[in-house]
Amino acid sequence: WFDGAPFGGEQIGQGSGVIVEVDGNTGYIVTNNHVAGDADEMTVVLNDGRTIENAELVGTDPKTDLAVIKIEADNLKAARWGDSSQLEKGDWVLAFGSPFGYVGSMTHGIVSATNRTNMGIIPAGYEEFLQIDAPINPGNSGGPLTNIHGEVIGINTAIASRTGGFQGVGFAIPSNQAKQIYQIIREKGKVVRGWLGVVIASVDEPQTGPIAQSLGYDKNSGVFVHDVLPDTPATGKLKAGDIITKLNGKPVKDSNELRNRIAMISPGTEVKLEVFREGKTQTIEVTLGDQPATPDMIGRADQREDKEADTQQLGVTLNNLTPDIARQLGLPRSLKGAVITRVLPGSTAARAGLTPGMVITRVGNQEVTNADEAVEAIRKLDLKKGAALYVVTRDGGRFIFVQSNGNRRQ
């Protein structure tokens, strides 16, 4: 993403940035975290040739790859923010920066696409990039992307390249995201994100769509709740199998949109979620918590002989989950359900991915607390149409879609 070369045992790097606010003789610069985040010392070269030593790092946000730097100098000028939500494919854009060290360079191009997500550019981060074809190269990272009016509508961040240089595909962080992160860092020095505490997936994903349909949901947008983590804001509010369709009255298309929007709401804020549950739509209020650095995927995990759950139809043998079995499986002793003790090779269950040790706690819309209930619920299924089973392991809970045609969906 940027030039770095070993010199005297130290790592020397370069990048670009843009002054977005001036307060007296203090200027605030937005750049990429990968440019400035780990720097021990920084020198800023202004467009007019002045060199500013000892620039100060105000704060960083690795999850959006943004950082804020403070400098002291007179006669500084701030760029104007633009509205990235107004951008469309084909809009002309200008990219500024220091490619290969050539300070103050400018290139032009168009917006190739908006809202590029799940790119893997920022691991476990919040990605909604603008894709552009304006030439950007190593050294451009952190520099401004502007519209034809000179307003900053993005922060140049990465290129897709087999050679390490420009090949027509560049990515920039939208200004509306960058501006919000800047304001938070400027005020607090770091970004604190809101958090629900759920395991989610987009309804339009191939593995999730059939599960949502089996629960009576007939739309192709929304966010499916696979699991609710214990002792989180969503505990007692949301349930596994819920489909979130709106946040504060505004529709949510997929899991990435919900994740990004929740993250930008301050902890302690009450939000209203419109949820599809058991064939009905309802509004649920949840007060967001403070997102932990690495949220734990905690699973929730009495006492008879094995029960054969219609082996010819599904191909599993079930037993009641006892506290001792739960302990052996690494699950809470209080968990109720039916533990799978055997899966017939080549069966519908085997093709769906069910394995011994999984605990079934729900069959379709029916919760089950023991093997008898699970057997009865499974025997009522029409597996030609398919159905969703909710299973729990030590790694957490999730839905698995079973269908007798042999297709594996989970």
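### Focus: helix α4 (residues 255-263)
Counting buried residues in α4 gives 7 out of 9 residues, a clear majority hidden from the surface. Looking at α4, one finds that the buried residues are Ser255, Asn256, Leu258, Asn260, Arg261, Ile262 and Ala263. Those residues of α4 that are buried lie in contact with β15 (194-195), β16 (198-202), β17 (223-228), β18 (243-247) and β19 (250-251).

### Things to note about the confidence of the model for the protein
Looking at the protein, the pLDDT average stands at 85 and 89% of residues meet or exceed 70. This stretch, residues 1-10, has a pLDDT under 50; its non-local contacts, to residues over four places away or in other chains, come to 26 contacts. Segment residues 406-410 is flagged for pLDDT under 50; beyond a separation of four residues in sequence, or across chains, it makes 17 contacts in the model.

### Focus on the side chain of asparagine 137
With respect to the element layout, asparagine 137 can be found in the loop between β11 (129-132) and β12 (144-146). On the basis of relative accessible area, asparagine 137 is assigned to the buried category, the value being 17%. Residues contacting asparagine 137, with those up to four places away along its chain left out, are Pro99, Phe100, Gly165 and Phe166.

### Digging into the sheet that holds strand β8 (residues 66-72)
Pairing is antiparallel in the open sheet, where 4 strands are placed in the order β3-β4-β8-β7. Edge positions in the sheet fall to β3 (18-23) and β7 (56-61), since each has one partner strand and no second. Averaged over neighbouring strand pairs, the angle between their axes works out to 20° when direction is ignored. Relative to β8, β7 runs antiparallel, the two being bridged by 5 bridges. Looking across to β8, one finds that leucine 57 is bridged to isoleucine 69.

### Digging into unusual backbone geometry
A positive phi angle is found at asparagine 75, which is not glycine, with a value near 55°. The residue asparagine 75 is located in the loop between β8 and β9 (92-97) in this model. Despite not being glycine, asparagine 248 shows a phi value in the positive range, around 50°. Turning to its location among the elements, asparagine 248 is positioned in the loop between β18 and β19.

### Brief notes about a negative patch on the surface
A contiguous patch of negative charge, built from Asp38, Asp40, Glu41 and Glu53, is present on the exposed surface. Position of glutamate 41 among the secondary structure elements: in the loop between α1 (33-36) and β5 (44-45). Since its relative accessible area comes to 72%, glutamate 41 is described here as exposed.

### Let's talk about the sheet that holds strand β10 (residues 105-116)
Strand order around the closed barrel formed by 6 strands is β9-β10-β11-β14-β13-β12, with antiparallel pairing between neighbours. Averaged over all adjacent pairs, the angle separating strand axes in this sheet is 45°, with direction ignored. Alignment of β10 against β11, held across 3 bridges, turns out to be antiparallel. Across the sheet, valine 111 pairs through a bridge with isoleucine 132, a residue of β11.

### Describing the pairing of β17
Counting buried positions along β17 yields 6 of 6 residues, so the element is predominantly enclosed. Relative to β17, β16 runs antiparallel, the two sharing 5 bridges. Counterpart to serine 202 in the pairing with β17 is valine 223. Looking at chain direction, β17 and β18 are connected through 2 bridges and run antiparallel. Considered in β18, the bridge of phenylalanine 224 is made with isoleucine 243.

Criteria and cut-off values
- Residues numbered from 1 in each chain as written.
- Predicted model: local features only at pLDDT ≥ 70, side-chain atom pairs only at ≥ 80, totals over all residues.
- Heavy atoms only, no water.
- Buried < 20%, exposed > 50% of the residue type's maximum accessible area, 1.4 Å probe, protein only.
- Helix = DSSP H or I, 4+ residues; strand = E, 2+ residues; numbered from the N terminus.
- Contact = heavy atoms within 4.5 Å.
- pLDDT = per-residue confidence, 0-100.
- Pairing = 2+ DSSP bridges.
- Axes fitted to C-alpha atoms, helices over the stretch in contact; angles between N-to-C directions.
- Patch = residues over 30% accessible without salt bridge, like charges linked within 9 Å, V, L, I, M, F, W, Y side chains within 5 Å.
- Areas by Shrake-Rupley, 256 points an atom, 1.4 Å probe, with all protein chains shown as cover.
- Salt bridge = Lys/Arg side-chain N within 4 Å of Asp/Glu carboxyl O.
- Lys, Arg positive; Asp, Glu negative; His and termini not counted.
- Charge placed at Lys NZ, Arg CZ, Asp CG, Glu CD.

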